[in-house]
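The primary structure of each chain is shown beneath.
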Amino acid sequence: MGAEPYYGPDFGLLRRQDPELAQVLLDELERVRGGIQLIASENFTSPAVLAALGSTLTNKYAEGYPGRRYYGGCEVVDRAERLAIERACRLFGAEHANVQPHSGASANLAAYAALLQPGDTMLAMALPHGGHLTHGSKVNFSGRWFDVVPYGVRRDSELIDYDEVRDLALRHQPKLIVCGATAYPRLIDFAAFRGIADDVGAWLLADVAHPIGLMAGGAIPSAVPYADVVTFTTHKALRGPRGGAILCTRELAARIDRAVFPFVQGGPLMHVVAAKAVAFGEAMRPEFAGYTRKVIANAQALAEALDAEGMRAVSGGTDTHLALIDLRGVGVPGVEAERRCAAAGITLNRNVIPYDPEPAAVTSGIRVGTPCVTTQGMGPEDLKELGSLVARAVRDPGGAEEVRARVTALLAIHQPYLSEF
Ligand SMILES: *Cc1c(COP(=O)(O)O)cnc(C)c1O
């Protein structure tokens, strides 16, 4: 536990050799340390993950899979990938893992390629209701290459309408049903989706890019026992390096592996694969289970505090690390709330809410998440205060400096990257 900030491997060397670029790294660290990060999809990796990311494994070409590479000299990096695969399978109780996808989007592209032909029909959550770009947006490959039927949430409960999902599945007979979202605060009933998929003979893909970390820590039920294929990112609540991964049944293992390489990607990023192994190892520790429970308790404290300020939590609250907040009660659009919070040292993003009357560039809502602040060591009491600070910043732009002073005081106690954690 030293007082020196952690700047990544050999930062001193980078500073001597390329001060201009080194300054970018320093400035970004100062930006992060100078404010509170409530972006639901971000987290702070451990120094051990950063060390693996900054390693010479970045140099190695390793097209193929451990023991079956198209390049010589892969016997050492093979060990890193085998470790990542074994740990992912053990951590999630999966039959097969592919740890090579460069991102969550590449993981989804590969999963679709393994299960569908262009023009096939799939069912996925509508973007304005919390679905992801890769779940059928017209500006994305998914919307261009597949016939995507969107489902959404009910207007009254703001929860996924499983009756609608079943009706749409029966009517459209999709080859694939995708569940999982990017802005849905509640638990998803994977057993219900499995039942619907079985009724129409569809594959079930769970894209759990957001909550996979909570599943790793056992804080929420896992999608793995229900889905044929599970795609996820390693950099969100899971707290690993930026990247993606796929879990699947033994039956689909060869199809998924061929879809990732050679269909979608070339050589894997072996330094990232090594860092994924480190992150999976960290997620197996008992402390990580405690972390994930605290992430949820913090998100609930934050959502309740905002609700008490007249900023309604969509669906009435959260079961996860994120909350979607309806700002219509305070009459400030999401885009303006995002700007006012930034001026007060709080980083969050505007987000459409279900049935939002405003376009995506404006929005009636914001999305907040607690993976970062929990990694920093904040607890429910801190999140309660943060809730009132966010409300104050949104309502009263003139008070930004006072809010920022409280933010600075909180950060003085809970600094990211000040010591090894
Ligand atoms: C974040 C996310 C992704 C994409 O991850 P990238 O690494 O940004 O490509 C895919 N699906 C869902 C549901 C996500 O939330």
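On a predicted model such as this, the values are computed, not experimentally measured, just so you know.

A look at the UniProt feature "modified residue: N6-(pyridoxal phosphate)lysine" (unreviewed entry) in the protein chain
Point 1. According to UniProt, the "modified residue: N6-(pyridoxal phosphate)lysine" (unreviewed entry) feature falls on Lys-236.
Point 2. Within the fold, Lys-236 resides in the loop between strand E9 (229-233) and strand E10 (244-248).
Point 3. When near neighbours in sequence (up to four residues on either side) are disregarded, Lys-236 contacts Ser-41, Asn-43, Ala-209 and His-210.

Comments concerning the side chain of Thr-370
Point 1. Structurally, the position occupied by Thr-370 is in the loop between strand E15 (365-369) and helix H14 (371-375).
Point 2. Within the structure, Thr-370 has its side chain in polar contact with the backbone oxygen of Val-295 (distance 2.7 Å).
Point 3. In this structure, Thr-370 is in contact with Val-295, Asn-298, Ala-299, Leu-302, His-321 and Leu-383, ignoring residues within four places of it in sequence.

A short note on the side chain of His-321
Point 1. Structurally, His-321 is set in the loop between strand E11 (312-313) and strand E12 (322-326).
Point 2. By relative accessible area, His-321 is classed as buried at 2%.
Point 3. A polar contact of 2.9 Å, which involves the side chain of His-321, links it to the side chain of His-210.
Point 4. His-321 has contacts with Ala-40, His-210, Pro-211, Leu-214, Val-295, Ala-299, Val-368, Gly-369, Thr-370 and Pro-371, leaving out every residue within four places of it along the chain.

A closer look at the pairing of E15
Point 1. Of all 5 residues in E15, 5 are buried, a share of seventy percent or more.
Point 2. Pairing of E12 with E15 involves 5 bridges; the strand directions are antiparallel. Its bridge partner being in E15, Ala-323 is matched across the sheet by Val-368.

A word on the sheet that holds E15
Point 1. What the 4 strands build is an open sheet, ordered E11-E12-E15-E14; its pairing is antiparallel. Since the sheet does not close on itself, it has two edges, and those belong to E11 and strand E14 (349-351), each with one partner.
Point 2. Summarising the sheet, E14 and E15 pair through 3 bridges and their orientation is antiparallel. Bridge pairing in E15 places Asn-349 opposite Arg-367.

Considerations on the packing of aromatic side chains
Point 1. Taken as a whole and assessed by the stated rule, the structure comprises 12 aromatic pairs.
Point 2. Here the aromatic rings of Tyr-112 and Phe-146 are separated by 5.7 Å at their centres, their planes lie at 80 degrees, and the arrangement is edge-to-face. Linking Tyr-112 in helix H5 (residues 104-115) with Phe-146 in the loop between helix H6 (141-145) and strand E6 (147-151), this pair joins segments that are 34 residues apart in sequence. Of the two residues, Tyr-112 and Phe-146, both sit in the buried class.
Point 3. For the ring pair Tyr-162 and Phe-193, a centre distance of 5.5 Å and an interplane angle of 70 degrees mean the geometry is edge-to-face. Taken as a pair, Tyr-162 in helix H7 (residues 162-172) and Phe-193 in helix H8 (residues 190-200) lie far apart in primary sequence, 31 residues in all.
Point 4. Tyr-162 gets classed as partly exposed once you look at its relative accessible area, which sits at 22%.
Point 5. Residue class for Phe-193 comes out buried when judged on its relative accessible area of 0%.

Topic: the site of the ligand
Point 1. Among the 13 residues in the neighbourhood of the ligand, the closest are listed as Gly-104, Ala-105, Thr-182, Asp-207 and Lys-236.
Point 2. Take Ala-105: an N or O atom from its main chain is 2.8 Å from an oxygen atom of the ligand.
Point 3. One of the side-chain nitrogen or oxygen atoms of Lys-236 is found 2.8 Å away from an oxygen atom of the ligand.
Point 4. Notes on the ligand: free accessible area 380 Å², of which the protein chains cover 86%.
Point 5. Among the elements that make up the shell around the ligand, the one with the highest residue count is H5 (3 residues).
Point 6. Looking at side-chain class alone, the shell around the ligand contains 3 nonpolar, 8 polar and 2 charged residues.

Looking at the domain arrangement of the protein chain
By a frequent convention, interface size equals the accessible area lost on bringing the separate parts together.
Point 1. The assigned domain composition of the protein chain is domain 1 (56-283) and domain 2 (294-413).
Point 2. Distance between the C-alpha centres of domain 1 and domain 2: 29 Å.
Point 3. Taken together, the 21 residues of domain 1 in the interface contact 22 residues of domain 2.
Point 4. Taken together, both faces of the contact between domain 1 and domain 2 bury some 1800 Å²; the carbon and sulfur share is 58%.
Point 5. Taken as a group, Glu-158, Pro-185 and Arg-186 account for 36% of the area that domain 1 buries against domain 2, more than any other trio of residues on that side.
Point 6. Our count for the contact surface shared by domain 1 and domain 2 stands at 2 salt bridges.
Point 7. Taking the shortest distance from any N to any O, the salt bridge between Arg-312 and Glu-158 comes out at 2.8 Å.

Brief notes about helix H16 (residues 400-413)
Every α-helical turn comprises 3.6 residues, leaving residues that sit three or four positions apart pointing alike.
Point 1. Over its 14 residues, H16 extends 20 Å from the first C-alpha to the last, a length consistent with the 20 Å expected when each residue adds 1.5 Å.
Point 2. The set of residues buried in H16 consists of Ala-400, Val-403, Val-407, Leu-410 and Leu-411. Seen along its axis, H16 keeps its buried residues to an arc of 100 degrees; they face one direction. H16 presents Glu-401, Glu-402, Ala-412 and Ile-413 as exposed residues on the side facing more than 90 degrees away from its buried surface.
Point 3. Contacts from the buried residues of H16 go to helix H2 (19-33), strand E1 (36-37), helix H13 (334-343), strand E13 (346-347) and helix H15 (380-395).

Rules used in this analysis
Residues numbered from 1 in each chain as written. Predicted model: local features only at pLDDT ≥ 70, side-chain atom pairs only at ≥ 80, totals over all residues. Heavy atoms only, no water. UniProt positions renumbered as here; feature names shortened; annotations may be inferred. Helix = DSSP H or I, 4+ residues; strand = E, 2+ residues; numbered from the N terminus. Contact = heavy atoms within 4.5 Å. Polar contact = N/O pair within 3.5 Å; in protein donor to acceptor, adjacent residues only side chain to side chain. Buried < 20%, exposed > 50% of the residue type's maximum accessible area, 1.4 Å probe, protein only. Pairing = 2+ DSSP bridges. Phe/Tyr/Trp six-rings, centres within 6.5 Å; stacked < 30°, edge-to-face > 60°. Near = heavy atom within 4 Å. Areas by Shrake-Rupley, 256 points an atom, 1.4 Å probe, with all protein chains shown as cover. Nonpolar A, V, L, I, M, F, W, Y, C, P; charged D, E, K, R; others polar. Domains from an automatic or database assignment. Buried area = accessible area lost by both parts, 1.4 Å probe. Salt bridge = Lys/Arg side-chain N within 4 Å of Asp/Glu carboxyl O. Expected span 1.5 Å × (residues − 1). Arc of directions from axis to C-beta.

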